[in-house]
Amino acid sequence: MLIAVVAVLCLPASHAQEQEDDAQAVALIDGTVVTPGADPISDAVVVIRGDRITSVGSNDDVTVPDNAVVVDVSGRYIMPGMVDGHVHFFQSGGLYTRPDVIDLRAARPYDEEIAMIEERLPDTFRRYLASGVTSVVDVGGPMWNLDVRAQADTARMAPTVVTAGPLISSVEPDEFTVDDKPILRFESPGAAREEVRRQVNAGVDLIKIWYIVRGQGPEAFRPVVDAVIDEAHGLDTRVAVHATGLETARTAVEAGADILVHSVYDRPVDNAFVQELVAENVLYVPTLMVSERYGQTFAQTLNLTVAEHRIGQKDVIASLFDLQVLPDSLLSDRMRRMIAQRPAIPSDSVAMQNLKAVHDAGVTVVAGTDAGNIGTLHGPSLSREFELMRAAGLSPAEILETATVGGATLMGRDDLGRVEAGMQADLAIVNGNPLDDLAHAFDVDAVVRRGELLRIESLLPTRAEAPVQQQLNAYNAHDIDGFLDAYADSVKVYAYPNRLQMTGTSRMRDVYSQLFSRNPTLFANVTRRMVQGTVVIDEERVRGMASDGDVTNAIAIYHVNEDGKIARVEFVR
């Protein structure tokens, strides 16, 4: 059931209130409400009018209004829509998106990468909602970030977007060969002040400083930092700072930074620094996963969550394995050695230790992923960030608070982040209790975005090639859980045309787990794909399978059922 509720935001407040009062009520009944700082409410009723929650409580305490549209969510959990507090829409999450890190413009020109990002933007928006993420904060990019925000504001299926403009930086990479640059270098405090005025007048929500220290101490760029923060604060605009070293972060906070958009990575934080964060109410966005994902991509040891495989953009994920097929001439010797050796990429233990320290001291922590960077996907990447935050020692309830109340604080909103009367109706309805297992937060049945109920099937319509590409991506990642998630439990696998080889995902788990374990360089790429309704036919080249020599050519015929799962496979060799 889809409930269309139109909010005319440009009306005077009294007219908007009248419209909300006149809107038909929607009642979510018989679910369990999970909201920060409160006990869960079983057999709950959540009443929504317009874009606002009007009442929340047990079905004994809340009366469903007459003529309300009633939506039964029994067996499910109603939680606040989440906020990803650190994303970049000018980056895709794919291999070609940061030419300043790995320059592959000879394979995909940068302007082509940007064009693809812009074209898939509506799909990117839907991936966030399908992940239970109803708001995002873009902490810096080209001025077309403002167009992104405008598109999100007017789209039915899009998160709320808060955005910064171009990063005011001590360095400016040459590889961003576009006119509307995401990063601008400034040496003059006066010129930096002028840039702040330009961005604020254009309508940015935040100013971003990229405080990069290379061979110099943080004091070298301090005059520009001081000028930017002073000018922004004079214009009632907060300043977010990228400062990943302890002394650089300390200097940024001393200068008046409002937000640190990364954890401190280089060494453990000291008590003086932590107490200054508390005293100055500085927000702390840890982004624990982003460096891990760069390393895993370059080593070709990607370890995505099942939610990332299922919800993430399949073509973006596929691009991360292009290092296996790109010409050697495009890769450095170091990169080729990493791919050959496939070293394990450890999580950043210092960043995790520092997250725990600042959180325990009372610093407001905001969950954020740095989505858009290589290997960090738009939409479901919070699922991996949550795993790392949990490993750092935060409880599920504390982690959810960072992605709801914490995110709302970063956005400057006091009407988001809780399931309470008076809050904006941004909700996620999920199939399991996220307090028991944070993975349930990404098993989304529906979201409510500004009062409108959007079912998962409307956000991610079934496309036959989606599960086929998912299982191929997971095959190349040697990820058995992501691989099997694309298959129906009762799948049947045949040698063409009808010689049954195996039945069910349990049997597939045994077979493919051994295959992945015994063949560490196993890799498949599709040379040709045909889609005919619910049938996908792939011509595949598989290498790294020890029993078959260097390369095996095969044809796989996949039959996808109405639930979007692969129900039958026929292999032709």
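Let us look at the structure shown here. (Residues numbered from 1 in each chain as written. Predicted model: local features only at pLDDT ≥ 70, side-chain atom pairs only at ≥ 80, totals over all residues. Heavy atoms only, no water.)

### A few points about the sheet that holds strand S10 (residues 183-185)
- Across the sheet, which stays open at both edges, the 6 strands sit in the order S10-S9-S11-S12-S13-S14 with parallel pairing between neighbours. Edge positions in the sheet fall to S10 and strand S14 (283-284), since each has one partner strand and no second.
- Pairing of strand S11 (residues 206-210) with strand S12 (residues 238-242) involves 5 bridges; the strand directions are parallel. In the strand pairing of S12, Trp210 is matched with His242.
- Sheet contacts for helix H5 (residues 189-202): strand S9 (167-169), S10 and S11; angle to S9, the most-contacted strand, approximately 180°.
- Across the sheet, helix H6 (residues 222-234) lies against S9, S11 and S12, angled at about 175° from S11, the strand it touches most. (Pairing = 2+ DSSP bridges. Helix = DSSP H or I, 4+ residues; strand = E, 2+ residues; numbered from the N terminus. Contact = heavy atoms within 4.5 Å. Axes fitted to C-alpha atoms, helices over the stretch in contact; angles between N-to-C directions.)

### Some details on the packing of aromatic side chains
- Here the structure, examined in full by the defined rule, presents 13 aromatic pairs.
- Aromatic pair Phe483 and Tyr487: ring centres 5.3 Å apart, planes at 50°, arrangement tilted.
- Taken together, the ring pairs connect Tyr475, Phe483, Tyr487, Tyr512 and Phe516 into an aromatic cluster.
- Over the aromatic face of Tyr494 sits the side chain of Arg568, whose NZ or CZ is 3.9 Å from the ring centroid. (Phe/Tyr/Trp six-rings, centres within 6.5 Å; stacked < 30°, edge-to-face > 60°. Lys NZ or Arg CZ within 6 Å of the ring centre and 35° of its normal.)

### Observations regarding the nonpolar core
- Core analysis: the biggest nonpolar cluster contains 117 residues, and Leu260 and Phe386 have the highest contact counts within it.
- Beyond its immediate chain neighbours, meaning those up to four positions away, Leu260 contacts Val241, Ala249, Ala252, Val253, Phe273, Leu277, Val282, Leu283, Tyr284 and Val285. (Core = buried A, V, L, I, M, F, W, Y, C linked by side-chain atoms within 4.5 Å. Buried < 20%, exposed > 50% of the residue type's maximum accessible area, 1.4 Å probe, protein only.)

### Some remarks on the pairing of strand S23 (residues 566-572)
- Pairing of strand S18 (residues 487-495) with S23 involves 5 bridges; the strand directions are parallel. Within S23, the position partnered with Lys492 by the bridge is Arg568.
- Where strand S22 (residues 551-560) folds back onto S23 in an antiparallel hairpin, the turn is made up of 5 residues, including Gly564, whose phi is positive at roughly 80°.

### Let's talk about the sheet that holds strand S6 (residues 82-87)
- Within the open sheet, the 3 strands sit side by side as S6-S7-S8. Their pairing is parallel. Bordering the open sheet on either side are S6 and strand S8 (160-163), each of which pairs with just one other strand. When strand polarity is set aside, the average angle formed by the axes of neighbouring strands in this sheet is 20°.
- In terms of strand pairing, strand S7 (residues 133-138) meets S8 through 4 bridges, oriented parallel. Within S8, the position partnered with Ser135 by the bridge is Thr160.
- Its contacts with the sheet put helix H3 (residues 121-130) on S6 and S7, and the angle it makes with S7 is roughly 125°.
- In the packing of helix H4 (residues 145-154) onto the sheet, contacts are made with S7 and S8, and the angle to S8 comes to roughly 160°.

### A word on the pairing of S6
- With respect to burial, S6 is a largely interior element, 6 of its 6 residues being buried.
- As judged from the 4 bridges shared by S6 and S7, these two strands associate in the parallel manner. Along S7, the bridge assignment pairs Val87 with Asp138.

### Some thoughts on the environment of His242
- Tracing the sequence through the fold places His242 in strand S12.
- Owing to a relative accessible area of 14%, His242 belongs among the buried residues under this scheme.
- A sequence separation of 33 residues divides His242 from Ile209, and the C-alpha atoms of the two residues are 6.2 Å apart.
- Aside from chain neighbours lying at most four places away, what touches His242 is Lys208, Ile209, Trp210, Tyr211, Ile212, Val261 and His262.

### As for the side chain of Asn145
- Inspection of the secondary structure assignment puts Asn145 in helix H4.
- Take Asn145: its relative accessible area is 1%, and that puts it in the buried class.
- At 3.1 Å, the side chain of Asn145 and the backbone oxygen of Ala164 are in polar contact.
- Setting aside residues up to four positions removed in sequence, Asn145 forms contacts with Asp138, Gly140, Thr163 and Ala164. (Polar contact = N/O pair within 3.5 Å; in protein donor to acceptor, adjacent residues only side chain to side chain.)

### Looking at the packing of helix H7 (residues 246-255) against helix H8 (residues 271-279)
- Here H7 crosses H8 at 30°, and the two axes come no closer than 11 Å. For the pair H7 and H8, the crossing hand works out as left-handed. Counted together, Leu246, Ala249, Arg250, Val253 and Glu254 of H7 and Phe273, Glu276 and Leu277 of H8 form the full contact between these two elements. (Left-handed = near helix turned anticlockwise from the far one by under 90°.)

### Here's the deal with the side chain of Arg384
- Along the chain, the position of Arg384 falls in helix H14 (residues 382-391).
- The residues touching Arg384, leaving out its near neighbours within four places in the chain, are Met289, Glu292, Arg293, Thr305, Glu308 and Ser347.

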